[in-house]
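Descriptive analysis of the structure
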Amino acid sequence: MARHKMMFVVTVVIMLILVTACNGGEGASSGNGNSKKEERPTISFMSILQTAETPDPKLEKALEEKLNVNLEIQWIPAATYVDRLNSAFATGNLTDVSSISLDGPIKEAVRDDQFWEIGPYLDRFENLSKLKPEIMNNVKVDGKIYALYQGRPLSRQGIVYRKDWADHLGLAAPTNTDELLNMLKQFTENDPDGNGVNDTIGLADRDDLTFGAFKTVASWFGAPNEWGFQNDKLAPAFMLPEYKQAMNYMKELRDKGYMNKDFPVTSKVDQQNMVANGTAGVYIGCMCNVQQLHTDAVQLNPKAEFDVFNQIKGPNGEYTVWAINGYNYSYLFPKSAIESEEELLQVLTFMDQLMSEEISNLLIWGIEGEHYNVVDGAAIPIEDQSKIDREVYPYMFFEIGEPETNGRLLGNSSYEPANKAAELFEDNDKYVVSDPTITLDSDTLSLNKDRLKQIMNDATFNYILGELDEAGFQAEINRWRSEGGDQVIEELNASYEQNAN
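Sequence positions are assigned chain by chain, starting from 1 and proceeding in written order. Side-chain atom pairs in this predicted model are given and counted only at pLDDT of 80 or more, local residue features only at pLDDT of at least 70, and totals for whole chains, interfaces and linings cover all residues. Only hydrogens and water are set aside; all other atoms, that is, all heavy atoms of the structure, feed into the side-chain values.

**Quick word on the overall build of the chain**
For helices the rule is a DSSP run of H or I covering at least 4 residues; for strands it is a run of E covering at least 2, with both sets numbered from the N terminus onward. Counting its regular elements, the chain contains 18 helices and 17 strands. Its C-alpha radius of gyration of 24 Å places the chain within 12% of the 23 Å reference for a compact globule of 501 residues. For the C-alpha atoms alone, the extent of the chain along its principal axes is close to 70 × 55 × 35 Å. Note on classification: 1.4 Å probe, protein chains only; a residue is buried when its accessible area is under 20% of the maximum for its type, exposed when over 50%, partly exposed between these limits. Counting every position in the chain, which comprises 501 residues, the buried fraction comes to 53%. In the chain, once contacts between residues fewer than 6 apart in sequence are set aside, the share between residues at least 24 apart is 79%. Only the protein chains shown count as cover for residues, with accessible areas throughout obtained via the Shrake-Rupley method and a probe of 1.4 Å. Just so you have it, the chain exposes about 21800 Å², and 46% of that area is on carbon and sulfur atoms. Atoms considered for the radius of gyration are the C-alpha atoms alone. The globule rule reads 2.2 Å times the number of residues to the power 0.38. Contact between two residues is taken to exist if any of their heavy atoms lie within 4.5 Å; hydrogens are not considered.

**What to know about the state of the cysteines**
What counts as a disulfide here is a pair of cysteine sulfur atoms lying within 2.5 Å. Following the criterion strictly, the structure yields one disulfide and no others. Through a disulfide, Cys286 is tied to Cys288; the S-S separation comes to 2.1 Å. Every disulfide takes its handedness from the sign of the S-S torsion; for Cys286 and Cys288 that torsion is 135°, giving right-handed. Given a relative accessible area of 11%, Cys286 falls into the buried group.

**Notes on helix H11 (residues 290-300)**
Residues of H11 that are buried: Val290, Leu293, His294 and Ala297. For H11, the angular spread of buried residues about the axis comes to 95°, placing them on one side. Residues of H11 that are buried sit in contact with strand E7 (157-162), helix H10 (268-276), strand E11 (280-286), strand E12 (306-309) and helix H16 (416-428). Taking the helix axis as origin, the arc is that swept by the directions to the C-beta atoms.

**What about the packing of helix H9 (residues 241-255) against helix H17 (residues 443-464)?**
Simply put, an axis is a line fit to the C-alpha atoms, just over the touching stretch for a helix, and the angle between two N-to-C directions goes from 0 to 180 degrees. Between H9 and H17, the least distance of the axes is 8 Å, while the angle of their chain directions is 45°. Relative to H17, H9 is oriented oblique. Of H17, the residues touching H9 (which contributes Tyr243, Lys244, Met247, Asn248, Met250, Lys251, Arg254 and Asp255) are Thr460, Tyr463 and Ile464. Oblique is the label for every angle not falling under 35 degrees (roughly parallel), over 145 degrees (roughly antiparallel), or within 65 to 115 degrees (roughly perpendicular).

What is shown is where atoms sit, not what they do.
This is the structure in structure tokens:
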């Protein structure tokens, strides 16, 4: 594959990764780990830095001593990660373990034999062989395994709401979309904070149709997860009637002032600030945010109370919620860095050790007695969050697998709604809707994914804003189809039928 083509591939793929990454500070880099044949092998990583500063090396030194390796970790700020990875591809200087999404065109590089197929080796390793088959299927390329994964709950989606406001107005947790609309109406119109001023709204949302409110609301209405079936053929979600019902619901919320009208240009930080400062009473998204929202809110209002809930049933009386692919990061092993099977086995041995119970706890919780304590079989983090952020948090992204497979401790919080949120993650597992195209291929989609996605994102926002009517939205669907969408539909259906056979 030509170098310019590879750089294009990497740029597209890493942009997908950076959608969920936070900007960080300055990074430190080191070599590419060519000394793996030493008695104490060197393993190199390139990692997106999620914090403002490079982490304290305390955990890195602990890992080196416990696993008898030398680590070369390149901490790359999110803002420069694309350029650094492009450069590494172009010069053949990828690290031994490379965190790259397998979505889209990176599959071309895999098929071009630039990464090791690791599936045949996994049964040799006690821990790696425990990885969930259903998640491993989601990181396969042409039925072969090239990547390990960092597991995540299938769905953490639900609502976080001001319980003190609800109690003041005599409202219970909403159990369906009508009750939720009523809560948002009451939070907007009936002075839920009791200050005698009309200064609150129901919902705070942001400029993200996926991890903001819209995709979760759409799944409550029964819309498919990105792609669904229409007349026994795969079709994009926005072509199905449930998607339009969800748009109409969001449009009503905006038209009636039950949410922030400028949500398409509202950042996640501003969205969460609206909830924390008492402007808005409901957050739709990851229930994991309840802890931070509470922490921020009580600094301004010590009486602020929050709760979480997940099962919001749609008009059909059923509850469904969209699911991720079951993992956060995928880790590939480039042949430009790992030149022989012997070296590959050394790297996989290290990854197997990372997945051990002891090391998984170290990566997620830190050092027992210093960063966390164990109470009744659960990890309780210390209250000094800045110490955890500085010394532990960046290493969490090196976890392999999930608690069910690596055996690490589950956490417990002194804040009960945070524990409730974790229980509701598990409850969601029974109702999740997966994307049926995860393992399917479409060359047209790989080359045009961002452009095609932007057409329909803009159309969805503009419909909710009232700048497009139904005919205008349909015109944008037709535009999407004419600019490559029809070819995508054809290719994904062909891939689906091929996989079925």
